[in-house]
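Residue-level structural notes
Listed here are the chains, written in short residue letters.
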Amino acid sequence: GVMDGILQVWSKEMPGQVVTGSYVGTGQIGSGTPTTIYIAEEPKMLFVALKDPTSNSYAVNTFGFWMDGIITLLANGKAVLSAPYKNGGISFSLSSGSDAYEQLNGQNAIYGWTAIL
C-alpha cells in the first residue's frame, strides 16, 4: 500500500524502530474479549489492516490506526476508542452490538500490524 515505501525507508534508516506482526481474528467482540496486540514497548504509532485473501494484500476498507492512547477504527463504521498501552500491549474493544470486523477481529480473518517505536 501507500505506507510500504515510507516504512521501508524508515526501517532502513532507523533499524529496530519498526516492528511488524499478524494475527488471526476470533470473531469475538466486546469488552470481555478485546482485540490485543502485544508489543515490547509502547509504540508512537500502530497501524492494523485486514488482509485480502484473494490478492494477498492489505485492504484499506478495514483499518485501524493507534496513536497517543486512542485507536481509530475504520471498518463497516467508524469508532474512536481509548486504548492505552499497558501490560505489554494495546487492547481495544467495541460494544457487543458492533460487528467483529469493526473491532478488527473478524472470524478467521488475517490482520497485519506495523508499529513505529
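An account of the accompanying structure is given in this report. (Residues numbered from 1 in each chain as written. Predicted model: local features only at pLDDT ≥ 70, side-chain atom pairs only at ≥ 80, totals over all residues. Heavy atoms only, no water.)

A complete count under the given rule lists 3 aromatic pairs for this structure. With a centroid separation of 5.1 Å and an interplanar angle of 15°, the aromatic rings of tyrosine 23 and tyrosine 111 are classed as stacked. Remark: tyrosine 111 occurs in strand β9 (residues 110–116) and tyrosine 23 occurs in strand β1 (residues 18–24); sequence separation between them is 88 residues. Consider the rings of phenylalanine 47 and phenylalanine 65, whose centres lie 5.2 Å apart with planes at 45°: the pair is tilted. Of this pair, phenylalanine 47 sits in strand β3 (residues 45–52) while phenylalanine 65 sits in strand β4 (residues 57–67), and the two are 18 residues apart along the sequence. (Phe/Tyr/Trp six-rings, centres within 6.5 Å; stacked < 30°, edge-to-face > 60°. Helix = DSSP H or I, 4+ residues; strand = E, 2+ residues; numbered from the N terminus.)

Moving on, we come to the sheet that holds strand β2 (residues 35–38). Within the open sheet, the 3 strands sit side by side as β2-β8-β7. Their pairing is antiparallel. Looking at strand neighbours, the two that pair on one side only are β2 and β7 (85–86), the edges of this open sheet. Summarising the sheet, β2 and strand β8 (residues 89–92) pair through 4 bridges and their orientation is antiparallel. Across the sheet, residue threonine 36 finds its bridge partner in β8, namely serine 91. (Pairing = 2+ DSSP bridges.)

Of note in the backbone geometry, leucine 104 takes a positive phi value of approximately 55° without being a glycine. Summarising the element assignment, leucine 104 is placed in the loop between β8 and β9. We classify leucine 104 as buried; its relative accessible area is 0%. Positive phi is not limited to glycine here, since asparagine 108 has a value of about 60°. Looking at the element boundaries, asparagine 108 is found in the loop between β8 and β9. Overall, asparagine 108 belongs to the exposed group, its relative accessible area being 56%. (Buried < 20%, exposed > 50% of the residue type's maximum accessible area, 1.4 Å probe, protein only.)

All quantities given are derived from atomic positions and should not be read as evidence of function.
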